[in-house]
Amino acid sequence: MAGLTGEVKGVIEKSKGWAFATSDENGIPNVVPIAFGKVLSESQVMLIDVFMDKSLENITENPKVAVSVWDMETLKGYQLKGTARVETNGELFDEAAKMVKSMMPQLKAKGVVIIDIDKIYVTSPGPDIGKELG
Ligand SMILES: Cc1cc2nc3c(=O)[nH]c(=O)nc-3n(C[C@H](O)[C@H](O)[C@H](O)COP(=O)(O)O)c2cc1C
């Protein structure tokens, strides 16, 4: 699998929000906007749970998730598919708690959703649309 490097990483880091999709054990989908997120490595991203409810319930039923990120200025976008797990303490949680506190002191992180990315697809309009990066 191609990693979260170069242009993909750039689009994620510039993106002001992430669309985070989960589904329950019956395949009923749930997609929510997320503002707090970060690239952890070439194959991992972290979303910060402040208000998640159904998303967390779905991850326990079905850890396969998808994230969509895009840059409206350049019209570049990517879809990431992977496997999620939730952590409510530890180093990453502490980092997330600090991030939320510094950006929006009135909010509090409840946990972090760590996603191991399996596949990356191009969503940018153009000849590569739909292609898997690999
Ligand atoms: C612009 C925007 C940014 C948001 N950012 C976050 C976020 O970073 N973390 C979070 O847990 N919820 C965030 N929310 C709330 C979620 O979209 C969602 O409503 C919440 O997680 C509960 O949804 P769920 O019960 O389907 O998981 C945001 C909502 C909006 C509109």
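Keep in mind the model is a prediction, meaning the values are calculated, not measured. (Residues numbered from 1 in each chain as written. Predicted model: local features only at pLDDT ≥ 70, side-chain atom pairs only at ≥ 80, totals over all residues. Heavy atoms only, no water.)

Colleague: Explain the overall build of the protein chain here, please?
Modeller: If you tally the helices and strands in the protein chain, you get three helices and seven strands. Counting from the amino terminus, helix and strand elements in the protein chain follow one another as α-β-β-β-β-α-β-β-α-β. For 134 residues, the compact-globule estimate of 2.2 N^0.38 gives 14 Å, and the protein chain sits close to it at 15 Å. Counting only C-alpha atoms, the protein chain reaches 45 × 35 × 20 Å along its principal axes. Expressed as a percentage of its 134 residues, the buried residues of the protein chain come to 40%. Pairs at least 24 residues apart make up 67% of the contacts formed inside the protein chain by residues separated by at least 6 positions. In the structure as shown, the protein chain presents an accessible area of about 7500 Å², 55% of it carried by carbon and sulfur atoms. Here the protein chain contributes 15 positive and 19 negative side-chain charges, whose respective centroids are spaced 4 Å apart. (Helix = DSSP H or I, 4+ residues; strand = E, 2+ residues; numbered from the N terminus. Rg over C-alpha atoms; globule rule 2.2 N^0.38 Å. Buried < 20%, exposed > 50% of the residue type's maximum accessible area, 1.4 Å probe, protein only. Contact = heavy atoms within 4.5 Å. Areas by Shrake-Rupley, 256 points an atom, 1.4 Å probe, with all protein chains shown as cover. Lys, Arg positive; Asp, Glu negative; His and termini not counted. Charge placed at Lys NZ, Arg CZ, Asp CG, Glu CD.)

Colleague: When you look at helix α1 (residues 6-14) in this model, what are you seeing that I'm missing?
Modeller: Because each turn of an α-helix spans 3.6 residues, side chains separated by three or four positions in sequence point in the same direction. Listed as buried for α1 are Val8, Val11 and Ile12. Taken around the axis of α1, the buried residues stretch over an arc of 100°, which confines them to a single face. Exposed and oriented more than 90 degrees from the buried face of α1 are Gly6 and Glu13. Where α1 is buried, its residues touch β1 (18-23), β3 (37-41), β5 (64-71), β6 (76-87) and β7 (111-122). (Arc of directions from axis to C-beta.)

Colleague: Explain the site of the ligand here, please?
Modeller: Residues in contact with the ligand amount to 14 residues; listed here are only the nearest, Asn30, Pro33, Val50, Lys54 and Ser55. With respect to the ligand, the backbone of Ala35 contributes an N or O atom lying 2.9 Å from a nitrogen atom. Contact with the protein chains covers 67% of the free accessible surface of the ligand, which is 620 Å². Where the shell around the ligand is concerned, the elements lending two or more residues are β2 (29-34), β4 (44-49) and α2 (54-61). Among the elements that line the shell around the ligand, the one with the most residues is β2, at four residues. Residue classes in the shell around the ligand are distributed as nine nonpolar, two polar and three charged. (Near = heavy atom within 4 Å. Polar contact = N/O pair within 3.5 Å; in protein donor to acceptor, adjacent residues only side chain to side chain. Nonpolar A, V, L, I, M, F, W, Y, C, P; charged D, E, K, R; others polar.)

Colleague: What is the right way to read helix α3 (residues 91-103) from this model?
Modeller: With 13 residues, α3 extends 19 Å between its outermost C-alpha atoms, agreeing within 8% with the 18 Å of an ideal straight helix rising 1.5 Å per residue. Of the positions making up α3, those classed as buried are Phe93, Ala96, Met99 and Val100. What you see down the axis of α3 is that its buried residues fit within an arc of 120°, all on one side. Exposed and facing more than 90 degrees away from the buried side of α3 are Glu91, Lys98, Lys101 and Ser102. Check the buried side of α3 and you find it contacts β3, β4, β6 and β7. (Expected span 1.5 Å × (residues − 1).)

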